[in-house]
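Per-entry structural report
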Amino acid sequence: MSNNRAGAMSAIAGATLLFISTYLHPLGADPNDAVAAFAEYAADSWWRATHLTQFAGVMFMTVTLLFLAQELECAGGKGWSRLAAGGAIASLGVIAVLQAVDGIALKALVDAWASAPSAQKEVTFQAALAVRQVEIGLASMVNLLFGFTTACYGIALLGNSMYPKWMGGLAIIGGVGATIAGGMMAYTGFSGPAMVVSMPASVLLLTWMFSLGVLMWRQDSVRPDHSVTY
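In this report, we go over the structure that sits alongside the text.

1. Structural notes on the pattern of salt bridges
Within this structure, the stated rule accounts for 3 salt bridges. Residues Asp111 and Lys107 are paired through a salt bridge, measuring 3.1 Å at the closest nitrogen-oxygen approach. Placement of the pair is Asp111 and Lys107 together in helix α4 (residues 78–115), with a separation of 4 residues, close to one helical turn. You can call Asp111 partly exposed: its relative accessible area is 26%. With a shortest N-O distance of 2.8 Å, Glu135 and Arg132 are connected by a salt bridge. Here Glu135 and its partner Arg132 are both found in helix α5 (residues 118–158), 3 residues apart, which amounts to about one turn of the helix. According to the relative accessible area criterion, Arg132 is buried, its value standing at 3%.

Right under this line is the structure:
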């Protein structure tokens, strides 16, 4: 299987998994209202599966990003493509930690809080709240790092003629939006304004990834397969 074909399949699979798992994520409560949010999370029996599926989607997307960086480097864009590839790998590492904290550790604590006797409610709530602050910090870093990474891919795409220019522009707009959202989360947590910036940026980046998969699939028959070792 060629690199373009493998990258295309990973992009489409990753974007689809991430879209489905995010759609299934409970979003009814205000995420900045810890009591309401924790009650909603404790009631969700699919919480761990949802977050593991999100991580699987990101892993597939990272495969695509590394194949794209390889292709861009072969086309002469070594500087931006190598920076983007490094950012993709670093982003995956931070996202893994985020999912461990949010998808596993926080779920265990909100379940303990929900089932705790009245005398222990406050203690378990404060423990869950502490983990929540770690989650917010990691989410901020993920947005900052992944936003920067996708913006680098956008600049690299604009610098060559392999893909339509709008692909580069979409990556830059989505990446800048994610970066801004990450900065807002660092100061305000999962506030309404931060979510207003974060959600459209996420939709743009998912659209970009899915479009990238379609384009890589279509171009597989006309592009030579290159190999670059990082």
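2. Quick word on the environment of Gly137
Along the chain, Gly137 turns up in helix α5. For the pair formed by Gly137 and Ala186, sequence separation is 49 residues and the distance between their alpha carbons is 6.4 Å.

3. Some thoughts on the state of the cysteines
Such a bond, covalent and formed between the sulfur atoms of two cysteines, is termed a disulfide. Tallying each qualifying case throughout the model produces 0 disulfides. For Cys74, which is in no disulfide, the shortest distance to another cysteine sulfur is to Cys152 and amounts to 19 Å. The class of Cys74 is partly exposed, set by a relative accessible area of 34%. The class of Cys152 is buried, set by a relative accessible area of 2%.

Definitions and limits used
- Residues numbered from 1 in each chain as written.
- Predicted model: local features only at pLDDT ≥ 70, side-chain atom pairs only at ≥ 80, totals over all residues.
- Heavy atoms only, no water.
- Salt bridge = Lys/Arg side-chain N within 4 Å of Asp/Glu carboxyl O.
- Helix = DSSP H or I, 4+ residues; strand = E, 2+ residues; numbered from the N terminus.
- Buried < 20%, exposed > 50% of the residue type's maximum accessible area, 1.4 Å probe, protein only.
- Disulfide = S-S within 2.5 Å.

Any functional reading would require information that these geometric values do not contain.
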